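Summary of structural features
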Amino acid sequence: PPASAPPAPAVVASPTPTPTAAPAWRVQIIAAGTPAEADAALLRARRAGFDAIGVREGNFHKVRLGSYASRAEAAAAAGGVKAKLGVDPFVVRDP
């Protein structure tokens, strides 16, 4: 019998960071209205070689890439994300 494809990763809420953790900058590629749409973007980003995470905020399912020490580093990375994935990413700050 043919092997079945692995299930798509689920978007989960990110854990609350510890108060001593420095804020991280990330590159967001989508804020989807459905988990399926976000899961597809998450899988696509991971297959393209990006360190991607899924975050649920309110009614939105977001996909964010990387973890950068500064806004400038994240902004520089966003250019490569746009070129590789064909999306209009933007920089966000994780709390």
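Placed above this text is the structure.
How each quantity is defined
Per chain, residue numbering runs from 1 following the sequence as it is written. In keeping with the model being predicted, local features are shown solely for residues with a pLDDT of at least 70 and side-chain atom pairs are shown and tallied solely at 80 or more, while totals for entire chains, interfaces and linings include all residues. With hydrogens and water set aside, each side-chain value is computed from the structure's full complement of heavy atoms. What counts as a helix is a DSSP run of H or I of at least four residues, what counts as a strand is a run of E of at least two, and both are numbered from the N terminus. Expected helix span is taken as 1.5 Å per residue step, with the number of steps being one fewer than the number of residues. Burial classification: accessible surface area is computed with a 1.4 Å probe over protein chains only, and a residue below 20% of its type maximum counts as buried, one above 50% as exposed, and the rest as partly exposed. It is the directions from the helix axis to the C-beta atoms that the arc portrays. Between any two strands, pairing holds if DSSP finds at least two bridges. Interaxial angles span 0 to 180 degrees and are taken between N-to-C directions of axes, which are lines fitted to C-alpha atoms, for helices over the stretch in contact. Whether two residues touch is decided by their heavy atoms; if any such pair falls within 4.5 Å, the residues are in contact. By definition, a salt bridge exists where a carboxyl oxygen of Asp or Glu is found within 4 Å of a side-chain nitrogen of Lys or Arg.

Some points on helix α2 (residues 71–85)
Between its terminal C-alpha atoms α2 stretches 20 Å, which fits the 21 Å expected from 15 residues at 1.5 Å a residue. Within the sequence span of α2, burial applies to Ala-74, Ala-77, Ala-78, Val-81 and Leu-85. Projected onto a plane normal to the axis of α2, the buried residues spread over an arc of 125 degrees and lie on a single side. Looking at α2, the residues exposed on the side facing more than 90 degrees away from the buried face are Ala-72, Ala-76 and Ala-83.

Considerations on the sheet that holds strand β1 (residues 25–32)
Across the sheet, which stays open at both edges, the four strands sit in the order β2-β3-β1-β4 with antiparallel pairing between neighbours. Either end of the sheet is taken by a strand with one partner, and the two such strands are β2 (52–57) and β4 (90–93). Taken over all neighbouring pairs, the strand axes of this sheet differ in orientation by 45 degrees on average, direction set aside. Packing against the sheet, α2 makes contact with β1, β3 (60–68) and β4, and its axis sits at approximately 45 degrees to β1.

Here we look at the pairing of β2
Two strands pair when backbone bridges link them, and β2 and β3 are joined in this way by six bridges, in the antiparallel orientation. Each residue of the ladder has a partner; that of Val-55, found in β3, is Lys-62.

Digging into the pattern of salt bridges
It is possible for side chains of opposite charge to pair when their charged atoms get near one another. Scanning the entire structure with this criterion turns up five salt bridges. Ionic pairing is found between Arg-26 and Asp-94, a salt bridge with its closest N-O pair at 2.2 Å. One end of the pair, Arg-26, is in strand β1; the other, Asp-94, is in the segment after β4, with 68 residues separating them in the sequence. Classification of Arg-26 as buried rests on a relative accessible area of 15%. The class of Asp-94 is buried, set by a relative accessible area of 13%. Between Lys-82 and Asp-88 there is a salt bridge, with the nearest N and O atoms lying 3.1 Å from each other. Residue Lys-82 is classed as partly exposed on the basis of its relative accessible area of 45%. When salt bridges that share partners are traced, they join Arg-26, Glu-57, Lys-62, Arg-64 and Asp-94 into one network.

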